[in-house]
Amino acid sequence: MKEILFLIILISTSVSWSQKKIIDNQAYLEWKKLEKQQFNQNGTWITYEVNPLIGDGYLHWYEIATNKHDSLLRSKDAQLDPNGQFIAWKVTPGYDTLRNCELNKIDKKKWPKDSLFIYLTADDSLIKIPKLKSFKIAEEGSVLAYLSEVSPKSIPEVKKTWFQKHGPFKKDEKPIEKPKSDGHQLTIWTTTASWKESNVTKYSMPKNGKYVAIVTQQKLKNDSSQVRIYDVVTKELIKEFDRNTTCEAPIWNENGTRLAFFASLDTNKTKQYQLIVHDLSINKTWILGDTANADFDLEKGISENRSPLFTKDQQFLFFGVCDRVKPEPKDTLLESEKVRLDIWHYQDPEIQSQQLVQLNQQKKRSDLYVFHFADEKIIPLSNDTLNVRVSAQQIGNYLMATCDESYKIQQQWKTPGLEDVYRISILDGSIEILAKGLAYPGILSPKGKYFTYFNPTKNQHVLLDIDAKSISYMNAYRKDITWNEDLNGQPMEAGPEGWIGFDRSEDHVYFKSRYDIWDYQVSTQNLRSLTNEWATKNKVRMDLVKWESDSIYIDLIDCYATSFDVASKKEGLHHFDASQANGL
């Protein structure tokens, strides 16, 4: 009996093992990826996509208050109204349909087009817009703008009488042709009203959705583009700029009162752009890069390869400047007659393969300049060897810059590469060196008073007081803590686990160890763990996350922590609470 029972168990076990699915390369096609998760500003709706490796995926939308959930095939790239009134997304013709078009080599102009679906949350209904080109929802306003193709209306033929055709007063009338355009129909849509504008190629809106900037284009003797600013609600024309050969979509500042865009009057294939800046609040326009104004060296011009950037405090506009475009000389050689040769020398700063890969990037390099709105000054901030970091959240008068020119040959065999670090004044462009030959530069405090870096040979987090020219070793007395990252056997010096930032007073610096988050107070030179070293003792890896990712300062009230237990693999979310034993 025992033998029979054992045989039954053995057979059932072997059958169950044989029924298990084999995981091989065929399983990849069945795997799904959850991505593009987002929720709107008032936290009422969530959308996400579930997509296979190959084929069409589903877009899901979910209402938090009612647990209402739905999904739609072939849908993607959802955008949510910040007030929860509607959700808009794109519906594609489908993977198989587009694949067949490509296999049959059908002209892309004849391919099936995407559609726009607008889901109205209040009455659970859908609006469908065919032949979609693009769409955008204002970040802080319930306004949707979308560009769509519209088939031209056929003009009915007017029949003429015999007398009109052959009589003595007949006229050889030439049909009046409307100017052609590469543009399409732009629709500005809200839940209560909408209006349209034709011949639009590009458009943009500020965060608040109060205005819309459109670029219209017509094919006259030369291409003619024009930027216009409209009030979204009333369709009132606020500003109409001069016509140019080409214009780019405007960039807006934080509160939607200023905009900047590239424009050119050149008819050449390679164009020299100007940067047009306009202030709606005072109705004033600045044209940067105009040779008549001599804003900078006449051999220099505006670079279209660096997007203009307004700072949130409304004081500055950053933009790029490069060598002015020169007309190409008439070519007397055929392409087949031209010889191209790549030459490399062993003393070149980069190896040849790196030079070839970075060639297009080098052609697009530009120097950083800043425009001061207060006194209308233009200040150069960088050159071809300085790499400057800029941010819209800039609040101080200094920027951090790095230069690796002295170490480029060494970088061919050593990693990480070394850099010299500088502090640049936005007010006058003056440059001050902070440190030389750093492998791991850290951060410059928002007001430019302190600079941090990591010394990998001594595992030291270093703080430099720039004005006092004094140095503090923030973790000098904690040799028992692992401060560097795990490189998993890579043959290089390990860097820090990570820098987090400064608090609003700039008296506290936050950074990470292998497991913990640390707070160094500059005034008292005191270092403490935010978890009272609970994370280090229990081998729980902590990280700090800001609720608002664009916040320039660290405020623990506006942050939360994530945890990962190395032993149990459990993950957690925490808020900071100093009254608790572990600070969480």
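A brief report on the enclosed structure follows. (Residues numbered from 1 in each chain as written. Predicted model: local features only at pLDDT ≥ 70, side-chain atom pairs only at ≥ 80, totals over all residues. Heavy atoms only, no water.)

## Some points on the overall build of the protein
Right, so step 1: In terms of helices and strands, the protein carries 6 helices and 39 strands.
Right, so step 2: Scored against the burial criterion, the 584 residues of the protein give a buried share of 39%.
Right, so step 3: Look at the contacts in the protein between residues 6 or more apart in sequence, and 44% of them connect residues 24 or more apart.
Right, so step 4: One way to put it: in the protein the 76 positive side-chain charges average out to a point 6 Å from where the 79 negative ones average out. (Helix = DSSP H or I, 4+ residues; strand = E, 2+ residues; numbered from the N terminus. Buried < 20%, exposed > 50% of the residue type's maximum accessible area, 1.4 Å probe, protein only. Contact = heavy atoms within 4.5 Å. Lys, Arg positive; Asp, Glu negative; His and termini not counted. Charge placed at Lys NZ, Arg CZ, Asp CG, Glu CD.)

## Some remarks on the packing of aromatic side chains
We describe a pair of aromatic rings using the distance from one ring centre to the other and the angle between the two ring planes.
Right, so step 1: Under the defined criterion, the tally for this structure stands at 21 aromatic pairs.
Right, so step 2: Ring geometry for Phe241 against Phe261: centres 5.1 Å apart, planes inclined by 75°, an arrangement best described as edge-to-face. One end of the pair, Phe241, is in the loop between β14 (237–240) and β15 (246–247); the other, Phe261, is in strand β17 (residues 258–264), and 20 residues separate them in sequence. When sorted by exposure, Phe241 lands in the same class as Phe261, which is buried. (Phe/Tyr/Trp six-rings, centres within 6.5 Å; stacked < 30°, edge-to-face > 60°.)

## A few points about the sheet that holds strand β38 (residues 559–565)
Right, so step 1: Across the sheet, which stays open at both edges, the 3 strands sit in the order β37-β38-β39 with antiparallel pairing between neighbours. What marks the edges here is a single partner per strand, and that holds for β37 (540–546) and β39 (571–574). The average angle at which neighbouring strand axes cross in this sheet is 20°, direction not considered. (Pairing = 2+ DSSP bridges. Axes fitted to C-alpha atoms, helices over the stretch in contact; angles between N-to-C directions.)

## Describing the pattern of salt bridges
When their charged atoms lie close together, side chains carrying opposite charge are able to pair.
Right, so step 1: Inspection of the entire model under this criterion finds 31 salt bridges.
Right, so step 2: Among the salt bridges present, the one from Asp323 reaches Lys300, with a minimum N-O distance of 3.1 Å. Taken as a pair, Asp323 in strand β22 (residues 316–323) and Lys300 in strand β20 (residues 300–302) lie far apart in primary sequence, 23 residues in all.
Right, so step 3: A salt bridge links Glu335 to Lys338; the nearest nitrogen and oxygen atoms lie 3.1 Å apart.
Right, so step 4: One connected set of salt bridges, linked through shared partners, spans Lys36, Glu49, Asp77 and Lys90. (Salt bridge = Lys/Arg side-chain N within 4 Å of Asp/Glu carboxyl O.)

## Examining the sheet that holds strand β36 (residues 526–529)
Right, so step 1: Strand order in the open sheet formed by 4 strands is β33-β34-β35-β36, and the pairing between neighbours is antiparallel. The outermost strands of the open sheet, each flanked by one partner alone, are β33 (499–502) and β36. Adjacent strand axes in the sheet meet at a mean angle of 20°, parallel and antiparallel pairs treated alike.
Right, so step 2: Where strand β34 (residues 508–512) meets strand β35 (residues 517–521), 5 bridges bridge the pair, whose relative direction is antiparallel. Paired with Val509 across the two strands is Tyr520, which belongs to β35.

## Digging into the side chain of His60
Right, so step 1: Position of His60 among the secondary structure elements: in strand β3 (residues 58–63).
Right, so step 2: A distance of 2.9 Å separates a polar atom in the side chain of His60 from a polar atom in the side chain of His69.
Right, so step 3: Aside from chain neighbours lying at most four places away, what touches His60 is Ile46, Thr47, Tyr48, Val50, His69, Asp70 and Ser71. (Polar contact = N/O pair within 3.5 Å; in protein donor to acceptor, adjacent residues only side chain to side chain.)

## Brief notes about the environment of Ile214
Right, so step 1: Tracing the backbone shows Ile214 in strand β12 (residues 211–219).
Right, so step 2: Taking the relative accessible area as the measure of exposure, Ile214 reaches 0% and is therefore buried.
Right, so step 3: C-alpha of Ile214 to C-alpha of Pro250: the two residues are 36 residues apart in sequence and 8.2 Å apart in space.
Right, so step 4: Ignoring any residue separated from it by four or fewer positions in sequence, one finds Ile214 in contact with Leu186, Glu197, Val200, Lys202, Tyr203, Gln226, Val227, Arg228 and Tyr230.

## Thoughts on a nonpolar patch on the surface
Right, so step 1: There is a patch of nonpolar side chains on the surface, built from Ile23, Tyr28, Leu29, Trp31, Leu53, Ile54 and Tyr95 and spanning about 750 Å² of accessible area.
Right, so step 2: Among the structural elements, Tyr95 can be located in helix α2 (residues 95–103).
Right, so step 3: On the basis of relative accessible area, Tyr95 is assigned to the partly exposed category, the value being 34%. (Patch = residues over 30% accessible without salt bridge, like charges linked within 9 Å, V, L, I, M, F, W, Y side chains within 5 Å. Areas by Shrake-Rupley, 256 points an atom, 1.4 Å probe, with all protein chains shown as cover.)

## Comments concerning the side chain of Arg514
Right, so step 1: Looking at where Arg514 falls in the secondary structure, it is placed in the loop between β34 and β35.
Right, so step 2: Look at Arg514 and you get buried, because its relative accessible area is 18%.
Right, so step 3: At 3.2 Å, the side chain of Arg514 and the side chain of Glu497 are in polar contact.
Right, so step 4: Those residues in contact with Arg514 that sit more than four places away from it in its chain are Thr482, Asn484, Glu485, Asp486, Glu497 and Arg541.

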